[in-house]
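Reading the structure
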Amino acid sequence: MRPTIAPLACLAALVSAAPLAARPVELAIPAGTVSEAAIAIARATGASIVIADPAQGRIRIGAIRGRMEAEAAVRKLARAGGMEAVRAGPDAWRLVTAPRRAASRPQPARQARTATAPPQTTPPPAPAEGDPIIVTATKRDLAYAQVPAQVTLLDGAVLERGGVGGTEKIMQRAATVSSTYLGSGRNKLFIRGIADSSFTGPTQATVGQYFGDLRLSYNAPDPDLRLSDMERVEILEGPQGTLYGAGSLGGIIRLVPRAPEPGETSLTVTGGASLIAHGEPGGDAHATINLPLAGETATLRLNLDAASLGGYIDKPAIGRRNVNRTAIFGGRAGVRIDLAPDWQADVIVLGQDTRADDSQYADRAGRRLESGAQVTEGSRAQYGQAQLVVSGRIGAVRVKSSTGIGAQDLAERYDATPPGGPPRLFSRGGETRMIANEPRLWQPVTPNGFGWVLGTSIIDNRNTVTRRLGALPAASLAGGATSARAIIAALPTTTGVRNTVFEITGYGEASYRLLPRLTLATGLRVTNVELGGAGEDVPIALAQAAAARAVTARRRETATLPSASVLADIGDKGRAYLRYQEGFRPGGLAVAGDFVRQFRSDHARTFELGGGWGRPGRGNFDIAASLSHTRWRDIQADFIDETGLPSTANIGNGRIWAASLSGSVRLAPGLRAEAGATFNDSDVAEPAIVPLARLSRIPNIARVSGRAGLHWRRDFANGTVLEADGWVSYIGKSRLGIGPELGELQGDYLDSGAIIRWGRENAGLTLSVTNIAGQEGNRFALGTPFATGRSQITPLQPRTVRLGFDARF
């Protein structure tokens, strides 16, 4: 595509004639795992190193020190890990399992020790959870200690414990991430106190969600993808406008899937059955297949997920119990093709279908887990995406081009019955289509402390919202076999809206080590956005009015998003940073009664001071803290308009103070404790457009939240391992949204869970319990936006016990 021409032309001029891998470099790599050492060698020498078996990457080795070329360093690493280095290109190696004879020499000594030693009570040092050495979300492969921002890294294997889940697994382990709770595939995510409203309207999300290098959605809800077969999840807090552009005011969440493993044929299966107190049973299953297609040149990795989540909400008004069963079916296929040494292409296709039979809210003043709704609600969310990613390197410069197309459809139904009136239903449909392309080139930080990234981005997004509102057809009230689709089709239409966005962007960022322990970084993003749209099902007389045509006319906006940071190294394990970032969301069109009106773009500016000691989950002790102040101008938010329907407007300007603290400590061999807490304080100026009450704070964000957890592991002499995880979290009070209709309090509850696994690396059994205390709580004070004469809560899922298994072949 045309935007790639200029960067590639610059690339040719930047590449050195002498490969970095051919030059001797001074290495001082501390003891750690094979994977950590391989990454350090690759960064220092410019070599490409692939570890064939991920399990071998977790082998712990001693330090590697001295001045040597890439080949000598790689072969020294291979010997230390009991592997063999096989050359795959001029500056590329694969680390594979060493011949059996090399691995068998020390066996007698091991047998002699295990024959006389008692069962092992102190486990050997094991790789810590969840901290990959490289944060790929920085787009230039910065090590964790080189990132001047608050970063949370969640290991994929940890997230799969207790069964494959969705976004709720992230929120259980990241205190700074919160969400609405309308249901799977319908929620909005928030990070660090930057939240706009409770509904998913035409506004763009405040959190950017990515699968690999491509955005999952533009102005659609969280698809709640199953987090199966993930390498890790990376969370960058605070505005990320320079690197990620629009829709990253609060931060970004990046899902990093496991890549196909060349030359490996394997099958991994997991499954489980669950029982919900006061509810129905459920079950889940997952399978991962890795299959070579053409030797080690082309490899397929296939993932399949299925889950049936039992219901626990009763609706006595319509004579149904446990109405909110949810069925989820998803899959992902990835093919990796080695095009040439150091060059590869990945083709990824993923999809998920989430169907909720009914809503998951209850009446605040009613009996526990009961809803007084007089109609069947529920939803169906469908998501699909296809990606083509080509990556490689020319000398020390890396190149990646990511292209994708995505589709997301959401149909949801709400009870709109007025007090004492006949049953009435509100139906909302959302259809989103997106095409995106982002080529970039970068150079990881060199030994002298210089690194950079340059990129361009094109996004074409179209979102259509249709709405229907009316009394239920007589056939459905009489109990006839009328399908949900037929019922919705019979409802009268109301005004909807279509928004189109075409975005072209150029960005860059660079860092330089000014002093031995001081690094400066700066970046800039320039985005040009063309906005358009129209009303849907608008009365003809209104659609033809000159004022309506002016509102829907195409218009352009340009956003310039600079960034700057200072990072100071403190001792061997400490860091402190000062950071400035900006973020924005483009404007759009929203429904206001029978009309369509514009809302403006909003803009956030954040100063952040932070730092920490150690790396999360490693060593005897680690801690990280941050304090940020955000100025948010022309906040876009959804609210209930005078007709009782959701609408969108710029509600005013605001400020947000946010503080976070997290850390962990090793209490004993095999036992580690971790904890995290957040504090948010916000203020919003009174709006000029609509008289909204109780507008003193940003909605949906608790002032105080926190979590604490314990992880214990014991290795036995027979090769089995017993692991246990326990956690408890507190979500403080917050308000539902904007205006008197949405001023209800929510939050102020405890949640808890525990997971136990016993088995070997290739097979095991798990027992998990969530909501141990059986708390009802109130996660979200909204089930339907209509004033139906009753206050609502969204309770925690009752205590749930799951028995599961996992096996690898």
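Residues numbered from 1 in each chain as written. Predicted model: local features only at pLDDT ≥ 70, side-chain atom pairs only at ≥ 80, totals over all residues. Heavy atoms only, no water.

1. Remarks on the layout of surface pockets
Here the second largest pocket defines a volume of roughly 680 Å³. R380, A411, R413, R485 and I488 are, among the 25 residues lining the second largest pocket, the residues nearest its centre. Within the residue set of the lining of the second largest pocket, elements represented by two or more residues are β21 (343–356), β23 (379–394), β24 (397–415), β25 (424–443), β26 (450–471) and α11 (484–489). For the lining of the second largest pocket, the element with the highest residue contribution is β25, accounting for 5 residues. Here the residues of the lining of the second largest pocket are counted per class, giving 6 nonpolar, 8 polar and 11 charged. (1 Å grid on protein atoms, 1.4 Å probe; cavity = no way out; pocket = protein on both sides within 12 Å on 5 of 7 lines; lining within 4 Å. Points joined across faces, edges and corners; volume = space filled by probe spheres on them. Helix = DSSP H or I, 4+ residues; strand = E, 2+ residues; numbered from the N terminus. Nonpolar A, V, L, I, M, F, W, Y, C, P; charged D, E, K, R; others polar.)

2. Some details on the confidence of the model for the protein chain
In regions of low pLDDT, the predicted coordinates are not meant to be interpreted in detail. Of the residues in the protein chain, 86% reach a pLDDT of 70 or more, and the chain-wide mean stands at 85. Contacts of residues 101–132 to residues separated by more than four positions or lying in other chains number 37 contacts, the stretch itself having pLDDT below 50. (pLDDT = per-residue confidence, 0-100. Contact = heavy atoms within 4.5 Å.)

3. A word on the side chain of T446
Within the secondary structure, T446 sits in the loop between β25 and β26. Classification of T446 by relative accessible area gives buried; the value is 19%. There is a polar contact of 2.2 Å between the side chain of T446 and the side chain of N448. (Buried < 20%, exposed > 50% of the residue type's maximum accessible area, 1.4 Å probe, protein only. Polar contact = N/O pair within 3.5 Å; in protein donor to acceptor, adjacent residues only side chain to side chain.)

4. Points about the environment of W712
With respect to the helices and strands, W712 occurs in strand β39 (residues 704–715). Apart from residues lying up to four places away in sequence, W712 is in contact with G670, L671, L722, E723 and A724.

5. A closer look at the pattern of salt bridges
In the structure shown here, the tally under the stated rule is 54 salt bridges. Note that K139 is salt-bridged to E438, the shortest N-O span being 2.7 Å. Placement of K139 in the loop between β8 (134–135) and β9 (142–143) and of E438 in strand β25 is noted, with a sequence separation of 299 residues between them. With relative accessibility at 2%, the residue K139 sits in the buried group. Counted as one network, the salt bridges with shared partners bring together R161, R173, E674, R707, R713, D715, E723 and D725. (Salt bridge = Lys/Arg side-chain N within 4 Å of Asp/Glu carboxyl O.)

6. Focus: the pairing of strand β27 (residues 493–515)
In this sheet, β27 lies alongside β26 in antiparallel orientation, the contact comprising 18 bridges. The partner of N463 across the bridge, within β27, is N499. Of the strand pairs in this sheet, β27 and strand β28 (residues 518–536) are connected by 19 bridges, and their pairing is antiparallel. Within β28, the residue paired with L515 across the bridge is L518. (Pairing = 2+ DSSP bridges.)

7. With respect to a nonpolar patch on the surface
On the surface, a cluster of nonpolar side chains totalling about 710 Å² of accessible area is made up of F450, Y512, L514, L515, L520, V566, L578 and L609. The element best represented in the nonpolar patch is β27, accounting for 3 residues. Here L578 is to be found in strand β30 (residues 574–585). (Patch = residues over 30% accessible without salt bridge, like charges linked within 9 Å, V, L, I, M, F, W, Y side chains within 5 Å. Areas by Shrake-Rupley, 256 points an atom, 1.4 Å probe, with all protein chains shown as cover.)

8. Quick look at helix α2 (residues 34–45)
The first and last C-alpha atoms of α2 sit 16 Å apart over 12 residues, in line with the 16 Å expected at 1.5 Å per residue. The complete set of buried residues in α2 reads V34, E36, A37, A38, I41, A42, A44 and T45. One or two residues past the end of α2 sits G46, with phi positive at roughly 80 degrees. (Expected span 1.5 Å × (residues − 1).)

9. Here's the deal with the sheet that holds strand β10 (residues 151–155)
If you walk across this open sheet you meet the 5 strands as β10-β15-β16-β13-β14, and the pairing is mixed. A strand with exactly one partner marks an edge of an open sheet, and here the two such strands are β10 and β14 (214–215). Bridging between β10 and strand β15 (residues 230–237) involves 5 bridges; their strand directions are antiparallel. From the neighbouring strand, D155 faces β15, where its bridge partner is R232.

10. Re the environment of Y577
Here Y577 shows up in strand β30. A C-alpha to C-alpha distance of 4.4 Å links Y577 and L567, two positions 10 residues apart in sequence. Residue contacts for Y577: discarding those within four places in its chain leaves P148, A149, Q150, V566, L567, E608, L609, G610, G611, A625 and S626.

11. With respect to the pairing of strand β33 (residues 602–613)
Across 12 bridges, the pairing between β30 and β33 is antiparallel. Paired with L578 across the two strands is L609, which belongs to β33. Pairing of β33 with strand β34 (residues 621–633), which is carried by 11 bridges, proceeds in the antiparallel orientation. By the bridge assignment for β34, G611 is matched with A625.

12. A closer look at helix α4 (residues 70–80)
Among the residues of α4, A70, A73, V74, L77 and A78 are the ones counted as buried. The buried side chains of α4 occupy one side of the element, clustering within an arc of 135 degrees when seen end-on. G82 sits one or two residues past α4 and shows a positive phi near 70 degrees. (Arc of directions from axis to C-beta.)

13. Topic: the sheet that holds strand β6 (residues 83–89)
Overall, mixed pairing links the 3 strands, which are arranged β3-β7-β6 in an open sheet. Looking at the sheet topology across the chains shown, the edges are occupied by β3 (48–51) and β6. Here the strands of the sheet are splayed against their neighbours by 25 degrees on average, with no regard to which way each runs. Judged from the 6 bridges that link them, β6 and strand β7 (residues 92–97) form a sheet pairing that is antiparallel. Its bridge partner being in β7, R87 is matched across the sheet by W93. Relative to β3, α2 is tilted by about 165 degrees, and along the sheet it contacts β3, β6 and β7. (Axes fitted to C-alpha atoms, helices over the stretch in contact; angles between N-to-C directions.)

14. Here's the deal with the nonpolar core
Ranked by size, the top nonpolar core spans 37 residues in total, and within it I170, F211, V233, I235, I253 and L255 carry the most contacts. Contributions of two or more residues to this core are made by α8 (167–173), β12 (189–191), β13 (207–211), β15, β16 (251–257) and β21. No other element matches β15, which puts 3 residues into this core. Listed in part, the 24 residues of the second largest apolar core include I29, A38, A44 and I61. (Core = buried A, V, L, I, M, F, W, Y, C linked by side-chain atoms within 4.5 Å.)

15. Some details on the environment of K139
Taking the C-alpha atoms as reference points, K139 and G455, separated by 316 residues in sequence, lie 9.6 Å from one another. Each residue touching K139, except ones within four places of it in the same chain, is listed here: L243, Y244, E438, R440, W442, V453 and Y507.

16. Regarding unusual backbone geometry
The residue K139 is not glycine, and still its phi comes out positive at about 65 degrees. At H278, a residue that is not glycine, the phi angle is positive and equals roughly 60 degrees. On the basis of relative accessibility, which here comes to 59%, the residue H278 falls in the exposed class.

17. With respect to the packing of aromatic side chains
Inspection of every chain in the model, using the stated rule, returns 4 aromatic pairs. When the centroid spacing of 6.1 Å and the interplanar angle of 35 degrees are considered together, the rings of Y414 and F426 count as tilted. Pair noted here: Y414 is in strand β24 and F426 is in strand β25, with a separation of 12 residues, a long-range link. Comparing Y414 with F426 shows no difference in burial state: the two are buried. Relative to F607, the ring of Y580 has its centre 4.7 Å away and its plane inclined at 45 degrees; by these criteria the two rings are tilted. Linking Y580 in strand β30 with F607 in strand β33, this pair joins segments that are 27 residues apart in sequence. (Phe/Tyr/Trp six-rings, centres within 6.5 Å; stacked < 30°, edge-to-face > 60°.)

18. As for the packing of α2 against α4
For the pair α2 and α4, interaxial distance at closest approach is 10 Å and the crossing angle is 180 degrees. With respect to their mutual orientation, α2 and α4 come out roughly antiparallel. Here V34, A37, A38, I41 and T45 of α2 come into contact with α4, specifically with A70, A73, V74 and L77. Residues of the contact of α2 with α4, tallied by class, amount to 8 nonpolar, 1 polar and no charged. (Parallel < 35°, antiparallel > 145°, perpendicular 65-115°, else oblique.)

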